[in-house]
Amino acid sequence: FYGYVVAAACFAIQATGVGSHIAFGVFFKPLLADFGWPRSALAGAHSLAFVLSGFIGIFMGRLNDRVGPRVVLTVTALFFGLGLFLMSTVTSLWQIYLFYGIVVGIGLSPVDVIALSTTARWFVRRRSMMSGIVKVGTGTGQLIVPFAASLLILSYGWRTSYVLLAVFVTIMLAGIGQLMRRDPSQMGLLPDGDTQTGSAEFQGAEKGFSFREALRTRQFWTICFTNLTIVFALMITIVHIVPHAMDLGLPATAAAGVLSTIAGASMVGRLLIGITADRAGIRACMIFCFILLILDFLWLQGAKELWMLYLFAGFYGIGHGGHFTLISPLVAEHFGIRSHGVLFGIVVFAGTAGGALGPILAGHLFDITGSYSSAFWICAAVGCTALGLLLSLRRRVPF
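Keep in mind that this is a model prediction, so the values were computed, not measured.

## Some points on the overall build of the protein
Part 1 of the reasoning: When its secondary structure is counted, the protein shows 16 helices and zero strands.
Part 2 of the reasoning: Overall, the protein is about 60 × 40 × 35 Å in size when its C-alpha atoms are taken along their principal axes.
Part 3 of the reasoning: Looking at the protein as a whole, 60% of its 399 residues are labelled buried.
Part 4 of the reasoning: Contacts in the protein between residues far apart in sequence, at least 24 positions, make up 85% of those at least 6 positions apart.
Part 5 of the reasoning: In the protein, 25 side chains carry a positive charge and 15 a negative one; their mean positions are 6 Å apart.

## Remarks on the packing of aromatic side chains
Part 1 of the reasoning: Applying the stated criterion to the full structure yields 21 aromatic pairs.
Part 2 of the reasoning: Taken together, a centroid distance of 3.9 Å and an interplanar angle of 15° make the contact between Phe27 and Tyr162 stacked. With Phe27 in helix α2 (residues 24-35) and Tyr162 in helix α8 (residues 158-177), this residue pair connects regions lying 135 residues apart in the sequence. Here Phe27 and Tyr162 have matching classes, each one buried.
Part 3 of the reasoning: Through pairs of rings, three or more aromatic residues link up here, namely Phe1, Tyr2, Tyr4, Trp122 and Phe123.
Part 4 of the reasoning: The side chain of Arg62 reaches across the aromatic face of Phe211, ending 5.6 Å from its centre.

## Some details on a positive patch on the surface
Part 1 of the reasoning: A contiguous patch of positive charge, built from Arg62, Arg66, Arg212 and Arg216, is present on the exposed surface.
Part 2 of the reasoning: Along the chain, Arg216 falls in the loop between α10 (211-215) and α11 (218-247).
Part 3 of the reasoning: With a relative accessible area of 64%, Arg216 lands in the exposed category.

## A short note on the pattern of salt bridges
Part 1 of the reasoning: With the rule as written, the count across this model stands at five salt bridges.
Part 2 of the reasoning: In this structure, the salt-bridge partner of Asp247 is Lys29, at a minimum N-O distance of 3.4 Å. Linking Asp247 in helix α11 with Lys29 in helix α2, this pair joins segments that are 218 residues apart in sequence.
Part 3 of the reasoning: Since its relative accessible area comes to 35%, Asp247 is described here as partly exposed.
Part 4 of the reasoning: Taking the relative accessible area as the measure of exposure, Lys29 reaches 24% and is therefore partly exposed.
Part 5 of the reasoning: Across the salt bridge formed by Asp65 and Arg121, the nearest N and O atoms sit 2.5 Å from each other. Separated by 56 residues along the polypeptide, Asp65 in helix α3 (residues 39-66) and Arg121 in helix α6 (residues 110-122) bring together distant segments of the chain.
Part 6 of the reasoning: On the basis of relative accessibility, which here comes to 12%, the residue Asp65 falls in the buried class.
Part 7 of the reasoning: For Arg121, a relative accessible area of 9% gives the class buried.

## Overview of the packing of α2 against α8
Part 1 of the reasoning: At a closest axis distance of 11 Å, the pairing of α2 and α8 adopts a crossing angle of 145°. Taken as a pair, α2 and α8 cross one another with a handedness that is left-handed. Contact with α2, carried on its side by Phe24, Phe27, Pro30, Leu31, Asp34 and Phe35, involves Trp158, Arg159, Ser161, Tyr162 and Leu165 of α8 and no other residues of that element.

## Overview of the side chain of Thr222
Part 1 of the reasoning: Inspection of the secondary structure assignment puts Thr222 in helix α11.
Part 2 of the reasoning: Residue contacts for Thr222: discarding those within four places in its chain leaves Leu389, Ser392 and Leu393.

## With respect to the nonpolar core
Part 1 of the reasoning: Within the largest apolar cluster, 125 residues are counted, with the highest numbers of intra-cluster contacts made by Phe27, Leu84, Ile96, Tyr100 and Phe290.
Part 2 of the reasoning: The biggest single contributor to this core is α11, with 15 residues.

## What about the packing of helix α1 (residues 2-22) against helix α7 (residues 127-156)?
Part 1 of the reasoning: One way to put it is that α1 packs onto α7 with a least axis distance of 7 Å and a crossing angle of 35°. As α1 packs across α7, the resulting crossing turns out to be right-handed. Here Tyr4, Ala7, Cys10, Phe11, Gln14, Ala15, Val18, Gly19, Ser20 and Ile22 of α1 come into contact with α7, specifically with Met130, Ile133, Val134, Lys135, Val136, Gly137, Thr138, Thr140, Gly141, Gln142, Val145 and Pro146.
Part 2 of the reasoning: Of the residues in the contact of α1 with α7, the class split is 13 nonpolar, eight polar and one charged.

Rules used in this analysis
- Residues numbered from 1 in each chain as written.
- Predicted model: local features only at pLDDT ≥ 70, side-chain atom pairs only at ≥ 80, totals over all residues.
- Heavy atoms only, no water.
- Helix = DSSP H or I, 4+ residues; strand = E, 2+ residues; numbered from the N terminus.
- Buried < 20%, exposed > 50% of the residue type's maximum accessible area, 1.4 Å probe, protein only.
- Contact = heavy atoms within 4.5 Å.
- Lys, Arg positive; Asp, Glu negative; His and termini not counted.
- Charge placed at Lys NZ, Arg CZ, Asp CG, Glu CD.
- Phe/Tyr/Trp six-rings, centres within 6.5 Å; stacked < 30°, edge-to-face > 60°.
- Lys NZ or Arg CZ within 6 Å of the ring centre and 35° of its normal.
- Patch = residues over 30% accessible without salt bridge, like charges linked within 9 Å, V, L, I, M, F, W, Y side chains within 5 Å.
- Areas by Shrake-Rupley, 256 points an atom, 1.4 Å probe, with all protein chains shown as cover.
- Salt bridge = Lys/Arg side-chain N within 4 Å of Asp/Glu carboxyl O.
- Axes fitted to C-alpha atoms, helices over the stretch in contact; angles between N-to-C directions.
- Left-handed = near helix turned anticlockwise from the far one by under 90°.
- Core = buried A, V, L, I, M, F, W, Y, C linked by side-chain atoms within 4.5 Å.
- Nonpolar A, V, L, I, M, F, W, Y, C, P; charged D, E, K, R; others polar.

Here's what the structure looks like:
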C-alpha cells in the first residue's frame, strides 16, 4: 500500500523540518555570546518564523487540498535552506529577523500542515495511529538535529554549522517531496489500502464540512483557541529549556540532552497516544495529555538538579508529543476531510500565534527578573485554560 510510503515521507519531512527549527535553541547561547542581544529580542526571530509559518501554512493547506504537496515542498525547501545558509553571515539583529524570521519561516510553513493533512487523507480507521507514527518523526528530529548541531558548533563554530544544516535541509525536503501524493485517488487506491469502493470508511473519507460551514461552528473556534493556549506554553519550554538548564549550571551538552530527552519521550508519547486514541477516543487522550503537562509545569518550579530536569523532560515529552499527534485527527473527527488542509492550517496558525508570543514573553520576563520562574507559572495557568476549553468541546453533528 503506497500510503505507507507517504507516511514514511511525512515522517522524514517532520524530522527534518521541525528538528532543524527546534535546533535554534542550541544556537541561542552562541549568538548571545557573540552579540550580546537581549534574550527577548533573539527569541523574537524564532517566534516570527513560527507565526509566519503558521499563517502561510493556511495557504499551503489550501494548495494541498487542490494541487497536492510535491511542488509546494520543493519550492519551500529552497527557502528553508537559503534562510539557514544566510544565518551563517549575520552581523546584525535585523538580519536574523529577515533570514530566520521570514525566509526560514516561509520554508517551514508546509512541514506540519502538508504532512498531517496528507496522512489524514490516506488513512481513516488508523488515522490517529498513523498520525502518531508521522509525529514520531518530529521527536526523531528533535532528538538528533539539536544534539548534532551542538556537536557541530563545538567543532566548527555556529556559522559553519548553519551552512551544513542548510545543505542537509534542502536536499532532504526537496528529495522527500517527490514521493508525496495528495490522496489515494491519484493512484487509483482507497484509504487504508481498502479494495471495496463502497466501504463505510471510504464513504466517510469523502464527506465533511465545507470551509465556510466549519467557520460558522463554535467547535472550530474552540479547537483553534485550545491549540493557541497550549502551544503558547509548549513553545516557551522548547525555546527556553536549554538556556534555563545552562543558567542552573549545566554544561551545554547536558542542557541539550534535556531537549533531546523531551524529543525521545515525545516519540514514545506520539506512538502510544496515537494507538490509544483510535480505541479510547481522541478527546479523552488529549485531556490526559493536558493534565500531564500542567503537572510537569508545576514540577519544573522546583527542578534544580539534572535528574529532576530529565524526569521533567520524560513526562513532559509524552504530553507534548500526544497533543501534536492528536490535533490533526481532532479536526478530521469534527469536520471531515473535505477541507481538512485549510481548516487544519488555520488551527496550526492559531497555535503558532500563541507559540510566537510565549517565548518572547518568557524572554522578557527573564530580562526583568533574571529567572524563568514566573514564565513557568504562566505555563501552568495557561495549560489549565486549554484544559477547560477542551472539556467544553462536543461534536455538533456526524457527517
